[in-house]
Amino acid sequence: MSRNAAIFMGHRRALVEYAARLVGSRSLAEDLVQEAWLRFDNASEKQFVREPLNYLYRIVRNLALDRRRRTMREAGIFAHIDVDSAAVVSPDGPATPETQALFRDELRQLQLAISNLPERSRIAFEMHKFGGARLREIAEYLGISLSMAQVLVDDAMEQCKRELGWSGAEDMENPSPRTSKSQKP
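The paragraphs below set out a description of the structure included in this document. Owing to the predicted nature of the structure, the values given are computational and were not obtained by experimental measurement.

1. A closer look at the overall build of the protein
In step 1: Of the regular secondary structure elements, the protein holds nine helices and zero strands.
In step 2: Helices and strands appear in the protein in the N-to-C order α-α-α-α-α-α-α-α-α.
In step 3: For the protein, the proportion of its 185 residues judged to be buried stands at 38%.
In step 4: For the protein, long-range pairs separated by at least 24 residues make up 53% of all intrachain contacts whose partners lie at least 6 apart in sequence.
In step 5: Carbon together with sulfur atoms contributes 51% to the accessible area of the protein, which is approximately 11,300 Å² in total.

In structure tokens:
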């Protein structure tokens, strides 16, 4: 066992407890500590880390803060959607109770589709579509190539479209509630 692995194993419980205090969830804390170890192990292969335990704590803290920011951003995106106003500006015409109900249903389906994406795909998709991040920024954040960032965003888009039953590419760019499949031309 390497020196770094021994340090990690010896302090794993304390790292999880620290992460749990930051994110409020033991299971999420376990995931963050595992991710921190993977990032730490990768970084320590490339360069000598003078204070590995401090570095591990810093990685855990940064991952927890990133998670908290993402959660707040998601809550801001989805929690404050005014269904009535969104339905009124729908290109399908004026809002009706049916249109509003369909819009709410489609919004729930989109939220579910996004939450079902693999983590890296979800992060890339949210950064690109909701955060306005460029593919280069996504690639740097996730530590992947530019082409892989493009693949993740495209695959996430396609998976969401499949789960929502959207057929055209314009649907994701300009989503609107569908009245019903039988009413489409």
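2. Things to note about the pattern of salt bridges
In step 1: Applying the stated criterion to the full structure yields five salt bridges.
In step 2: Linking glutamate 30 and arginine 12 is a salt bridge whose minimum nitrogen-to-oxygen distance equals 2.5 Å. Placement of glutamate 30 in helix H2 (residues 26–46) and of arginine 12 in helix H1 (residues 3–23) is noted, with a sequence separation of 18 residues between them.
In step 3: The partly exposed category is assigned to glutamate 30, whose relative accessible area is 25%.
In step 4: We note a salt bridge from arginine 67 to glutamate 119, for which the minimum N-O separation is 3.3 Å. One end of the pair, arginine 67, is in helix H3 (residues 52–79); the other, glutamate 119, is in helix H6 (residues 119–129), with 52 residues separating them in the sequence.

Thresholds, definitions, all that
- Residues numbered from 1 in each chain as written.
- Predicted model: local features only at pLDDT ≥ 70, side-chain atom pairs only at ≥ 80, totals over all residues.
- Heavy atoms only, no water.
- Helix = DSSP H or I, 4+ residues; strand = E, 2+ residues; numbered from the N terminus.
- Buried < 20%, exposed > 50% of the residue type's maximum accessible area, 1.4 Å probe, protein only.
- Contact = heavy atoms within 4.5 Å.
- Areas by Shrake-Rupley, 256 points an atom, 1.4 Å probe, with all protein chains shown as cover.
- Salt bridge = Lys/Arg side-chain N within 4 Å of Asp/Glu carboxyl O.

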